[in-house]
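Observations on the model geometry
Here's the letter readout for the chains.
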Amino acid sequence: MEDLPQKAPDMPEMPSVSDMVEETKAAAADAVDGVKSSTTTGGDETAAGEGFASFMPAIKLPVSATKAPATLKDVLMWRNPYLTGLIFGTINVIFMLTLFGGYSLLRVFSSALLFYLIVAFIVVNLSKVAVGFTGKELIPPPTLGHKYIRKEVWIKHFEKAIDFGNHSIDVVRKAMYCVDNKQTLQLCGIAYALSLVGRLIPDMVLLYLAFLSVFTLPIVYETYQEDIDKYLEQLKEILAKYYEEGKEQMNKQTAEMQKTVGKKMGELKKQVQEKSGPMLEKSPLAAKMGLSSAPKKTE
């Protein structure tokens with residue numbers, strides 16, 4: 001009996017690249033869901049602790065902590081607490097050195113630059129020496145040629161600043177030429193108040209207070225916006241009430257002052273007439289002009 005030829009076994013079909021990508025995505029999604037469920041359910045393993053991370057509070061950040069904010073607003077609003085905290089702490093150290101350490105700003109910045117350059121010189125050159133032992137470049141050279149200052153971003157701010165400057169110059173010129181006396185008096189009050197503040201508080205202290213306000217007031221207002229708006233509305237009503245009362249009182253005092261001035265002017269006029277009457281009667285020129293009380297001569 002002849003041996004029948006054996007049929008070759010079927011080769012398993014190789015999955016396509018697209019199928020492999022879909023399987024990888026599905027596995028990654030399952031892994032992420034597993035991590036989320038383990039961190040949100042609060043099971044025994046999580047309760048037992050995972051080292052130091054188990055005691056850290058869960059802070060939801062609008063921007064990832066590993067990604068630098070793209071705008072100045074993100075820094076001032078503490079979207080990235082690590083970067084904003086670093087900037088806030090560094091500027092605080094600079095102000096402390098200038099206010100209490102007796103350092104000038106030029107000395108602080110030049111000393112910081114010198115310290116950084118010395119440390120960078122040592123670290124970079126040691127890394128170049130270590131390349132011969134590790135075979136790996138620890139600190140790669142920087143990539144140059146980036147547009148660090150983008151024209152299309154800053155031109156908008158410059159246009160707003162120019163418009164604001166032109167409007168401010170118009171306001172000052174109107175006040176200087178007394179186009180509106182009320183506005184002139186308001187500018188006088190502002191200038192006087194600023195002079196008092198400048199006399200009582202040094203310039204560096206004012207800059208430090210402005211710095212603290214810029215880094216604290218926006219985030220405080222964003223966090224407690226409803227309460228602050230409510231208190232500001234109440235304060236506005238109180239100030240409006242006192243303003244109306246003060247305005248009414250001032251109007252009363254102005255009316256009384258006008259009456260008093262009119263009465264005093266009448267008395268002064270009467271006294272002048274009584275004292276100048278005899279002199280006018282004796283003066284022939286006054287008689288001709290009709291200023292004396294003596295009867296005129298008739299031909």
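Each value, and the rule that gives it
Residues numbered from 1 in each chain as written. Predicted model: local features only at pLDDT ≥ 70, side-chain atom pairs only at ≥ 80, totals over all residues. Heavy atoms only, no water. Helix = DSSP H or I, 4+ residues; strand = E, 2+ residues; numbered from the N terminus. Buried < 20%, exposed > 50% of the residue type's maximum accessible area, 1.4 Å probe, protein only. Contact = heavy atoms within 4.5 Å. Areas by Shrake-Rupley, 256 points an atom, 1.4 Å probe, with all protein chains shown as cover. Salt bridge = Lys/Arg side-chain N within 4 Å of Asp/Glu carboxyl O. Phe/Tyr/Trp six-rings, centres within 6.5 Å; stacked < 30°, edge-to-face > 60°. Core = buried A, V, L, I, M, F, W, Y, C linked by side-chain atoms within 4.5 Å. Expected span 1.5 Å × (residues − 1). Patch = residues over 30% accessible without salt bridge, like charges linked within 9 Å, V, L, I, M, F, W, Y side chains within 5 Å. pLDDT = per-residue confidence, 0-100. Lys, Arg positive; Asp, Glu negative; His and termini not counted. Charge placed at Lys NZ, Arg CZ, Asp CG, Glu CD. Disulfide = S-S within 2.5 Å. Axes fitted to C-alpha atoms, helices over the stretch in contact; angles between N-to-C directions. Parallel < 35°, antiparallel > 145°, perpendicular 65-115°, else oblique. Nonpolar A, V, L, I, M, F, W, Y, C, P; charged D, E, K, R; others polar.

1. Considering the overall build of the protein
A count of helical and extended segments in the protein gives ten helices and zero strands. Start at the N end of the protein and walk to the C end: the helices and strands fall as α-α-α-α-α-α-α-α-α-α. A burial count over the protein gives 8% of its 299 residues as buried. Pairs at least 24 apart in sequence give 34% of the contacts found in the protein among residues at least 6 apart. Total accessible area computed for the protein in this model is approximately 26800 Å², and 65% of it derives from carbon and sulfur atoms.

2. Looking at the environment of Leu-185
Inspection of the secondary structure assignment puts Leu-185 in helix H7 (residues 181-200). The class of Leu-185 is exposed, set by a relative accessible area of 62%. Counting along the chain gives ten residues from Leu-185 to Ala-175, while the straight-line C-alpha distance between them is 8.1 Å.

3. Concerning the pattern of salt bridges
Overall, the coordinates contain three salt bridges when judged by the stated rule. Residue Glu-222 is joined to Arg-79 by a salt bridge in which the shortest nitrogen-to-oxygen separation is 2.9 Å. You can see Glu-222 sitting in helix H8 (residues 203-223) and its partner Arg-79 sitting in the loop between helix H3 (72-76) and helix H4 (81-99), a full 143 residues away along the chain. You can call Glu-222 partly exposed: its relative accessible area is 35%. For Arg-79, a relative accessible area of 19% gives the class buried. A salt bridge links Lys-252 to Glu-248, with the shortest nitrogen-to-oxygen separation between them at 3.9 Å. Here Lys-252 pairs with Glu-248, and both are found in helix H9 (residues 225-282), just four residues apart, close to one helical turn.

4. Examining the packing of aromatic side chains
For the coordinates displayed, the defined rule picks out eight aromatic pairs. A network of ring pairs unites the aromatic residues Trp-78, Phe-88, Phe-95, Tyr-208, Phe-211 and Phe-215 as a single cluster.

5. Description of the nonpolar core
By size, the foremost hydrophobic cluster in this structure holds seven residues: Val-75, Leu-76, Phe-88, Phe-95, Tyr-208, Phe-211 and Phe-215. Among the elements of the structure, H3, H4 and H8 are those that each provide at least two residues to this core. In terms of residue count, H8 provides more of this core than any other element does, three residues in total. Apart from the residues within four sequence positions on either side, Phe-88 is in contact with Trp-78, Phe-211, Leu-212 and Phe-215.

6. Thoughts on H4
With 19 residues, H4 extends 26 Å from end C-alpha to end C-alpha; this agrees with the ideal 27 Å at 1.5 Å per step. Summarising the contacts, the buried residues of H4 are in contact with H3, helix H5 (105-134) and H8.

7. Brief notes about a nonpolar patch on the surface
Among the surface-exposed residues, Leu-114, Phe-115, Ile-118, Val-119, Phe-121, Ile-122, Val-123, Leu-126, Leu-138 and Ile-139 lie close enough to one another that they form a single nonpolar patch of about 980 Å² accessible area. Within the fold, Ile-118 resides in helix H5.

8. Let's talk about the confidence of the model for the protein
Should pLDDT be low for a region, the predicted coordinates there are not to be read in detail. Summing up the model confidence of the protein, the mean pLDDT is 77 and the portion of residues at 70 or higher is 70%. Counted against residues more than four places away or in other chains, residues 1-12, with its pLDDT under 50, gives zero contacts.

9. Re the side chain of Thr-184
For Thr-184, the position within the fold is in helix H7. Aside from chain neighbours lying at most four places away, what touches Thr-184 is Lys-174, Ala-175 and Cys-178.

10. Describing a negative patch on the surface
A surface patch of like charges, here negative, comprises Glu-226, Asp-227, Asp-229, Glu-233 and Glu-237. One can find Asp-227 in helix H9. Here Asp-227 falls in the partly exposed class, since its relative accessible area comes to 36%.

11. Points about the state of the cysteines
Put plainly, a disulfide is one covalent bond tying together the sulfur atoms of two cysteines. Inspection of every chain in the model, using the stated rule, returns zero disulfides. Free of any disulfide, Cys-188 has its nearest neighbouring cysteine sulfur in Cys-178, separated by 8.0 Å.

12. Here we look at the packing of helix H6 (residues 151-176) against H7
Direction vectors running N to C along H6 and H7 enclose 105°, while the axes themselves pass 8 Å from each other. As far as their axial angle goes, H7 and H6 are roughly perpendicular. Listed contacts from H7 to Val-171, Lys-174 and Ala-175 of H6 are Gln-183, Thr-184 and Leu-187. Across the contact of H6 with H7, the residue classes break down as three nonpolar, two polar and one charged.

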